[in-house]
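Observations on chain architecture
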Amino acid sequence: MTKTLNISRRGFIVGTGATGLTIVVLGACTPSSKDDAVNLDPNDEVNAWVHIDHDDTVTIRIARSEMGQGTLTGLAQLVAEELDCDWKNVTTEYPTPGQNLARERVWGAFSTGGSRGIRDSHQYVREGAAAARIMLVEAAATEWGVPASECSVSDGIITHTGSGKKTSYGKVAGAASKLAPPLEVTLKDPSEWKVAGQPKLRLDTAEKLTGKQVYGADLQLDGMLNAAIRQAPKIGATLKSFDASAVQNMPGVKKVVSVRNPFGAENNAVAVIADTWWRANKALEALPVEWEGGVDFSTDEFEAELNDGLTSDDAFVGNASGDLETAFAGADQIVDVTYNMPFQNHATMEPMNATALWTEDKCEVWCPTQDGESALAATAEEAGIPIEQCEVYKIHLGGGFGRRGAPDYVKQAVMLAKEMPGTPIKLLWSREEDMMHGFFHPTTKGRMRGALDADGNLTGFHMRISGQSILAALMPQALQDGVDFATFQGLFPAGVNPRMEDQSIKYSFDNFLIDHAMRNPPVRPGFWRGVNLNQNAIYLECFMDELAVAAGRDPLEFRLAHLKDSPKTAAVLQAVADQAGWGSNDGKHRGLCAMYGFGSYVAACAEVTVSDDGDLKIDRIVAATDPGTAVNPQQIEAQVEGSFVYGLSALLYGEITFENGEAQQKNFDTFDSLRIAAMPKVETIVMPSGGFWGGVGEPTIAVAAPAVLNAIYAATGKRIRNLPIKDQNLREA
Amino acid sequence: MATLKINGETKTVDVEEDTPLLWVIREQLGMTGTKYGCGIAQCGTCTVHVDGQAVRSCVYPVGALSGDENITTIEGLSEDASHPVQQAWAELDIPQCGYCQSGMIMAVSALLKETPNPTDEDIDAAISNICRCGTLARVRKGIHLAVKKA
């Protein structure tokens, strides 16, 4: 449930202007200005994480962004658990990045990515809630003149054991807020959990069933104008000229402006500001624009560079052990295959957007973002105003998948707002802009060579990844001696790099080398749900399948033989095999995959049918995940199901190609996504083994595609190594 | 100028005739439950009912309306989220980011009006909305549950 908010405090009234129709927008996350922002006065809260009203409504502050992944509900469950409040009384609100800055980052990081929303923050969030509980009990005990140790609490009701006196959190919250926080708290063991760990329904569903949920694209502010933007279609091109006079008399048009590249000095876009977005975009389509310069990049031509990287002597070593040369020299059989992964677009359902209001001494932005703090920094930088005088209001995200960690669209909105001081400007990208100007999942190829002895044992293994580095483009300061360690997600050695500990390989090989020949195209790469684990899982797990077949061994047995040092990986793999009926002689065609990523152990077994004509039907996928700790099992299931739609969409259709420096796929007609008719039945086994906190939103994407590819081989005897599958005939491949 | 009967009310809007119904609903009428996703009738986030039929409003020019059609948006599907599809969606906790769900719910409610107890094949043929969060497995369950709640 979500609390019906008090309009005077948290709601606001806005007019649409065009019709005089007035609507009321409600939502904790949608203040209309700094003055109306949720008042997070430290004197009016138990502590930073918890506010309790006189009517016992518990408002839990959530620093991480909610974009569908369920983190908001999961974090609230953890707070409610340690607080011992009544779950029915819980609602949530986002503190703003500006408030976090003013209060010395009391809410920690806002960044929401890498499946880290819960696993990175649960400790201090739970400690904050436990501290609040202690303060509330102490406030009641003080009022009654009894020791706090004689009081107990359940569902937000405090009871003095001796006298039977009772009071509720709402009645003592004011007194509690004046108390000093405890120096130490003891957290509950997950085995004691009653709210956390339960399959609670999400707190943010009701508004999504009635159209009331406000997304950034829906924001309406008093006096607001709308902007549509066209960015240089060719990579690196700049704006040469445009003829505003051709469109300035079109209905609703207010201003036509050039827009500077958010990452460079030159103008690389043009925008039309109008009363409505439709009119702005229509004028933009009619606007004569000339571009100049740019890079003649072509994905077809770039393939030669990727191929060069596959055989180059020069490569960064990610993981290595033993003597590869001797292993291959003594091999009875060598398996040598190459797979590829094309560029992918995030394609969030809600295109990029942000609304900005700029005056000389203040700049406010309303936007869907995966990182409110970086959005605030970008706002201040672009506004040319001290950060303390800027504010970002996070609006619920219509999808994120990594795309909304980048603040390019935020900066553009601020640039436009500076053109019209005092007027809020909502910038909304068209789908075409969104598709062409993404931060694309990078393109790579993987060449794997395996040495097998006469008994079918793997004696040598080499994986060469050739292709783009995300870090080299986005955060070169994070490279270590030139190495992009993130390239080796799922392949890194354990115990070497703390930042990669949650991405290590779990197979044990005797002699092996995993290296990366960096080949960087001029295309802007980005972190795309699952990131490099996706293609690395295809490379590793399709190859393990190929090796098993070459060795004449069962793919399950072959994998398990190399998982002796990782019983948790073996456990999820065995679980899917058992439930799917692996090895049963029932005429079904199955494929397996197991990986470790984002701190969780995951596996899948796919079942497919391939018709005589080569048409694919993915009938069923059994998935298992061991995230250590399961905060909300039904939301974990939802994430697994959803991750398969994302991963299978990429496998089946997803591909951005470039010609003459321009993305060739501009909308969902050419960049398709899985529809319900192609959706397999998904059975999810959530098997938390305890003792650690793994991620949930991303890891299982990686196992969908390899499991399906391996099942296709089982059905057809053909290997599909070029992705996406798209138009390939699976019988003739 | 265009006149629309929408969610039981008659509205007159001053707008160019080629303006898609989607943008009239969102910008002239201020009802933002209906979403923009692609603008080319591919993704279905903009689905509304025109005389009970599911229509992708992003490519439906308002000038093509006679003014007599009954248009229903997500805001008008029920007064209080009591439509069987909304009830089923709540029970199964279907939405993730939720951006596509207005369109999904409108597409499904139109299907159930025409085919009150659809088979999986009927669902496959009728529902082609895109959901990038990937709620599709639960959407299928939700459709079957909504049949029971009707």
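Residues numbered from 1 in each chain as written. Chains lettered and ligands numbered in written order. Predicted model: local features only at pLDDT ≥ 70, side-chain atom pairs only at ≥ 80, totals over all residues. Heavy atoms only, no water.

**Describing the overall build of chain A**
Across its full length, chain A carries 17 helices and 28 strands. Relative to the 2.2 N^0.38 estimate, which gives 27 Å for 733 residues, the radius of gyration of chain A is 27 Å and therefore close to what a compact globule would have. With the principal axes as the frame, chain A shows a C-alpha extent of 80 × 80 × 50 Å. Per-residue burial over chain A gives 62% buried out of 733 residues. (Helix = DSSP H or I, 4+ residues; strand = E, 2+ residues; numbered from the N terminus. Rg over C-alpha atoms; globule rule 2.2 N^0.38 Å. Buried < 20%, exposed > 50% of the residue type's maximum accessible area, 1.4 Å probe, protein only.)

**As for empty space enclosed by the protein**
Residue and element names in this part refer to chain A. If you walk through the whole model with that rule in mind, you get five cavities of 30 Å³ or more. Estimates place the volume of the largest cavity at around 80 Å³. Considering the residues around the largest cavity, the lining is formed by M341, W528, N534, I538, G647, A650, L651, I701, A702, A705 and L723. Mapped onto the lining of the largest cavity, the elements with two or more residues apiece are α13 (533-551), α16 (633-652) and α17 (701-716). Tallied by class, the residues present in the lining of the largest cavity amount to nine nonpolar, two polar and no charged. (1 Å grid on protein atoms, 1.4 Å probe; cavity = no way out; pocket = protein on both sides within 12 Å on 5 of 7 lines; lining within 4 Å. Points joined across faces, edges and corners; volume = space filled by probe spheres on them. Nonpolar A, V, L, I, M, F, W, Y, C, P; charged D, E, K, R; others polar.)

**Side note on the interface of chain B and chain A**
The interface of chain B with chain A comprises 55 residues on the first partner and 67 residues on the second. Of the roughly 4900 Å² buried between chain B and chain A on both sides combined, carbon and sulfur atoms contribute 55%. Along the contact surface separating chain B from chain A lie five salt bridges. Between R279(A) and E16(B) there is a salt bridge, and its shortest N-O distance comes to 2.7 Å. Our enumeration of links across chain B and chain A arrives at 31 residue pairs in polar contact (both at pLDDT 80 or more). Going through the elements one at a time, α1 (21-28), α2 (84-91), α3 (101-114), α4 (120-126) and α5 (136-149) of chain B are the ones with two or more residues in the side of chain B that touches chain A. A per-class count over the side of chain B that touches chain A returns 25 nonpolar, 15 polar and 15 charged. (Contact = heavy atoms within 4.5 Å. Buried area = accessible area lost by both parts, 1.4 Å probe. Salt bridge = Lys/Arg side-chain N within 4 Å of Asp/Glu carboxyl O. Polar contact = N/O pair within 3.5 Å; in protein donor to acceptor, adjacent residues only side chain to side chain.)

**Observations concerning the side chain of S168(A)**
Residues and elements named next belong to chain A. If you trace the backbone, S168 turns up in strand β8 (residues 166-168). Relative accessible area serves as the criterion here: at 5%, S168 is assigned to the buried category. Excluding its chain neighbours within four sequence positions, the residues that come into contact with S168 are D56, G156 and I157.

**Details of α13(A)**
Residues lying three or four places apart along an α-helix face the same way, a consequence of the helix completing one turn every 3.6 residues. All names here are of chain A. The first and last C-alpha atoms of α13 sit 26 Å apart over 19 residues, in line with the 27 Å expected at 1.5 Å per residue. Taking burial as the measure, the 19 residues of α13 include 17 buried ones, the bulk of the element. G552, located one to two residues past α13, shows a positive phi value of around 70°. (Expected span 1.5 Å × (residues − 1).)

**Remarks on helix α9 (residues 372-383) of chain A**
All names here are of chain A. Over its 12 residues, α9 runs 16 Å from end to end, which matches the ideal 16 Å to within 8%, given 1.5 Å per residue. Residues G372, A375, L376, A378, T379, A380, E382 and A383 constitute the buried set of α9. Contact partners of the buried residues in α9: α3 (97-102), β11 (253-260), β16 (353-359), β17 (362-367), β18 (390-394) and α10 (408-419). You can read the cap of α9 off the contacts: a side-chain oxygen lies 3.1 Å from the backbone nitrogen of E373, and it is on D371. Count one or two residues on from α9 and you reach G384, which has phi positive near 70°.

**Points about the pairing of strand β12 (residues 267-274) of chain A**
Residue and element names in this part refer to chain A. Of all the eight residues making up β12, seven are buried; the element is thus mostly covered by neighbouring parts of the structure. In the sheet, strand β9 (residues 225-231) pairs with β12 via six bridges, with the strands oriented antiparallel. Residue pairing in the sheet places R230 in a bridge with V270 of β12. As paired strands, β11 and β12 are joined by seven bridges and run antiparallel to one another. Paired with V257 across the two strands is A271, which belongs to β12. Linking β11 to β12, which pair antiparallel, is a turn of six residues. (Pairing = 2+ DSSP bridges.)

**Comments concerning the domain arrangement of chain B**
Size of an interface: often given as the accessible area lost when the parts come together. All names here are of chain B. Annotation of chain B at the domain level lists domain 1 (2-75) and domain 2 (84-149). Placing the centre of domain 1 and that of domain 2 at their C-alpha centroids yields a distance of 21 Å. With 17 residues of domain 1 in contact, the opposing surface of domain 2 contributes 15 residues. Our enumeration of links across domain 1 and domain 2 arrives at zero salt bridges. The tally of links from domain 1 across to domain 2 stands at eight residue pairs in polar contact (both at pLDDT 80 or more). Breaking the side of domain 1 that touches domain 2 down by element, the ones donating at least two residues are β3 (47-50) and β4 (53-56). Class assignment for the residues of the side of domain 1 that touches domain 2 results in five nonpolar, 10 polar and two charged. (Domains from an automatic or database assignment.)

**Some words on the sheet that holds strand β19 (residues 425-428) of chain A**
Residues and elements named next belong to chain A. Across the sheet, seven strands lie side by side as β11-β12-β9-β19-β16-β17-β18; this open sheet has mixed pairing. Each edge of the open sheet is held by one strand with a lone partner, namely β11 and β18. Taking each pair of neighbouring strands and ignoring which way they run, the sheet shows an average axis angle of 20°. Examined bridge by bridge, β9 and β19 share three bridges and lie parallel to one another. Of the residues in β19, the one forming a bridge with A227 is L427. α9 rests against β11, β16, β17 and β18 of the sheet, and its axis sits at about 140° to β18. (Axes fitted to C-alpha atoms, helices over the stretch in contact; angles between N-to-C directions.)

**Thoughts on the packing of α3(B) against α5(B)**
Residue and element names in this part refer to chain B. Relative orientation of the contacting elements α3 and α5 amounts to 40°, with a least axis distance of 11 Å. If you check the angle between α3 and α5, you find them oblique. Handedness of the α3/α5 crossing: right-handed. Seen from α3, the contacting residues are M104, V108 and L112; seen from α5, they are L136, V139, I143, A146 and V147. For the contact of α3 with α5, the residue count by class is eight nonpolar, no polar and no charged. (Parallel < 35°, antiparallel > 145°, perpendicular 65-115°, else oblique. Left-handed = near helix turned anticlockwise from the far one by under 90°.)

**Observations regarding the pattern of salt bridges**
Going through the model one piece at a time under the given rule, you end up with 52 salt bridges over all chains. The salt bridge partner of R721(A) is E546(A), with a shortest N-O separation of 2.9 Å. Of this pair, R721(A) sits in the segment after α17 while E546(A) sits in helix α13, and the two are 175 residues apart along the sequence. Judged by relative accessible area, which is 7%, E546(A) ranks as buried. Taking the shortest distance from any N to any O, the salt bridge between R140(B) and D120(B) comes out at 3.2 Å. Highlighted residues: R140(B) in helix α5 and D120(B) in helix α4, separated in sequence by 20 residues. Look at the salt bridges and you will find they share partners, linking E541(A), D545(A), E546(A), R559(A), R719(A) and R721(A) into a network.

**A short note on the nonpolar core**
In this structure, F644(A) and W89(B) are the most contacted members of the largest nonpolar core, which totals 168 residues. Of all hydrophobic cores here, the second largest spans 48 residues; its members include A63(A), L75(A), V90(A) and V172(A). (Core = buried A, V, L, I, M, F, W, Y, C linked by side-chain atoms within 4.5 Å.)

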